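Here are the chains, one letter per residue:
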Amino acid sequence: MRVSVIGCGYLGAVHAASMAQLGHEVVGIDVDAAKTDLLASGTAPFYEPGLPEALAAARATGRLAFTTDPAAAAGSRVHFLCVGTPQQHGEFRADLTYVEDAFAALLPHLAPGDLVVGKSTVPVGTAEALAQRLTTTGATLVWNPEFLREGFAVQDTLHPDRLVYGLPTDAEGEPTADGARAAAVLDEVYAQPLADGTPLVVCDYATAQLVKVAANSFLATKISFINAMAELCESTGADVTRLADAIGYDDRIGRRFLNAGLGFGGGCLPKDIRAFMARAGELGVDQALSFLREVDAINMRRRVRMVDLAREVCGGSIVGLRIAVLGAAFKPDSDDIRDSPALSVAAQMQLQGAHVTVTDPQALPNARAAWPGLAYADTAEEAAADADVVLLATEWPEYRRLDPAALGTVVAHRRVLDGRNVLDPRAWRAAGWTYRALGRP
Ligand code: UDX
């Protein structure tokens, strides 16, 4: 099938390559020529494991092209909207400018029977408003949220946990005739994952839009829950990692997303819970989501607490001290620094008088551009040279595997802060380090 993918960022670039791999003929469209040029040459514009291989495989089939020309969407049967919806400056609400611009650019190129498939995370009500504007074109809107995780984006797109189709519905909540036709077309698009047994949930627009923000709110709540427990552990001498293991054995709770530490960041969870609260306020049901304020507050407190812990471990002040921060990306296997807890803590320490040197296996170019005031080093050893404190802020595998004895020879003082609770305290203490972590004695 001929499909267009509008917006070629973390979501769209992966989606375009994956759709070509599933056998479709794909054109990726983005306003950023630098991005489309890179993608057209087979280069991923950001670090995502598996994406270069997916692009190469798709290019070899000759079924994947990229352009800045919105007219290239004409002739495609399905148009995926994959643009970003960042937090609006100075507000909790989502900024829908990119959705609006992409939709307006697409409109003149739609033909009757086309599908416009929204994948971006939007405030509930957005799909209904966009669908209204399609009536004169004869195209149908479907809301088909994306749940991909950075670092696993290709795998999550080709083998999703579930597919959700939000369709136009009648008064009884059943899909309209256009909705049923649209679902049949999407079944063709996703024939492979459906044949693999991927569960499919068919629903109305509102439910489909809510599924995405509900899922991300649940994940954020789970992380903040364990971080709240970490605060209690800190005041009682308990160990949050053991606590998480113990409650995680209960299948109803589950161990995943119970890793306490510096908390969540990135381009999704923080802005999605805030946009969800803002939307609930507009709908007059803000009380329903008031707990998300607490989820957000617990999360942000972890960053402040880490700076306090650094001060504590250094005898009351970090002024003039050298601090090595291992990790800049918001999580491992990504070069994404949007709302990164690692950089947020690094910047706070620097502002409070420390000399901070940051390292990261992939995110240094992005970090340098966003935080030019921090110092940077290529490796953990270089960052840690003469350091008074080493902070592990992003749990890249190479930082988890660091040898405490070897690293101990380059630092000025053997003090380590484990911001992700991934180091073995016994091994580090045995090598003469003062080991401290959030939520652990
Ligand atoms: C998330 C959702 O997982 C995904 O389904 C959605 O489509 C987009 O948002 P992503 O932002 O890529 O994906 O990252 P995720 O793996 O969810 O991690 C988010 C943040 O939570 C990271 O900063 C991570 O370090 C942190 N985290 C995760 C914890 O602090 N503890 C945990 O136990 C798990």
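None of the values given here were measured: they were computed from a predicted structure.

Just to check I follow, could you spell out the nonpolar core for this structure?
Across soluble globular proteins, nonpolar side chains show a tendency to be buried alongside one another. M349, V356, V358 and V390 are the most contacted members of the largest nonpolar core, which has 53 residues in total. Core analysis: the next-biggest nonpolar cluster, separate from the first, contains 39 residues, A17, L39, L51 and V189 among them.

What should I look at first to understand empty space enclosed by the protein in this one?
With a probe scaled to a water molecule rolled over the atoms, the places where space remains empty come into view. Throughout the structure, instances matching the rule amount to one cavity of 30 Å³ or more. Put simply, the largest cavity is a space of about 80 Å³. Taken together, T85, A94, T121, V122, P123, V124, V213, K271, D272, A275, F276 and R279 make up the lining of the largest cavity. It is helix α11 (residues 269-282) that provides the largest number of residues to the lining of the largest cavity, a total of five residues. Its residues assigned to classes, the lining of the largest cavity shows seven nonpolar, two polar and three charged. Split by domain, the residues of the lining of the largest cavity number at least three in each of domain 1 (2-198) and domain 2 (213-296).

For this particular structure, what's the right way to read the site of the ligand?
Residues in close proximity to the ligand total 20 residues, the closest being F147, L148, E150, N259 and K331. Within the backbone of L258, one N or O atom sits 3.4 Å away from an oxygen atom of the ligand. Here G265 contributes a backbone N or O atom positioned 3.1 Å from an oxygen atom of the ligand. Contact with the protein chains hides 92% of the accessible area of the ligand, taken as 670 Å² for the molecule alone. Broken down by element, the residue count for the shell around the ligand peaks at four residues, all from helix α9 (residues 205-236). Classifying every residue of the shell around the ligand by side-chain character gives 10 nonpolar, four polar and six charged.

Would you explain helix α1 (residues 10-21) in this entry?
An α-helical turn contains 3.6 residues, so a residue and the one three or four places further along point in the same direction. In a regular helix each residue adds 1.5 Å, so 12 residues correspond to 16 Å; α1 covers 17 Å between its end C-alpha atoms and thus fits that length. The buried fraction of α1 amounts to 10 of the 12 residues, a majority that puts the element mostly inside the structure. Residues of α1 that are buried include every one of L11, G12, A13, V14, H15, A16, A17, S18, M19 and A20, and no others. Residue G23 follows α1 closely and has a positive phi angle near 105 degrees.

Criteria and thresholds
- Residues numbered from 1 in each chain as written.
- Predicted model: local features only at pLDDT ≥ 70, side-chain atom pairs only at ≥ 80, totals over all residues.
- Heavy atoms only, no water.
- Core = buried A, V, L, I, M, F, W, Y, C linked by side-chain atoms within 4.5 Å.
- Buried < 20%, exposed > 50% of the residue type's maximum accessible area, 1.4 Å probe, protein only.
- 1 Å grid on protein atoms, 1.4 Å probe; cavity = no way out; pocket = protein on both sides within 12 Å on 5 of 7 lines; lining within 4 Å.
- Points joined across faces, edges and corners; volume = space filled by probe spheres on them.
- Helix = DSSP H or I, 4+ residues; strand = E, 2+ residues; numbered from the N terminus.
- Nonpolar A, V, L, I, M, F, W, Y, C, P; charged D, E, K, R; others polar.
- Domains from an automatic or database assignment.
- Near = heavy atom within 4 Å.
- Polar contact = N/O pair within 3.5 Å; in protein donor to acceptor, adjacent residues only side chain to side chain.
- Areas by Shrake-Rupley, 256 points an atom, 1.4 Å probe, with all protein chains shown as cover.
- Expected span 1.5 Å × (residues − 1).

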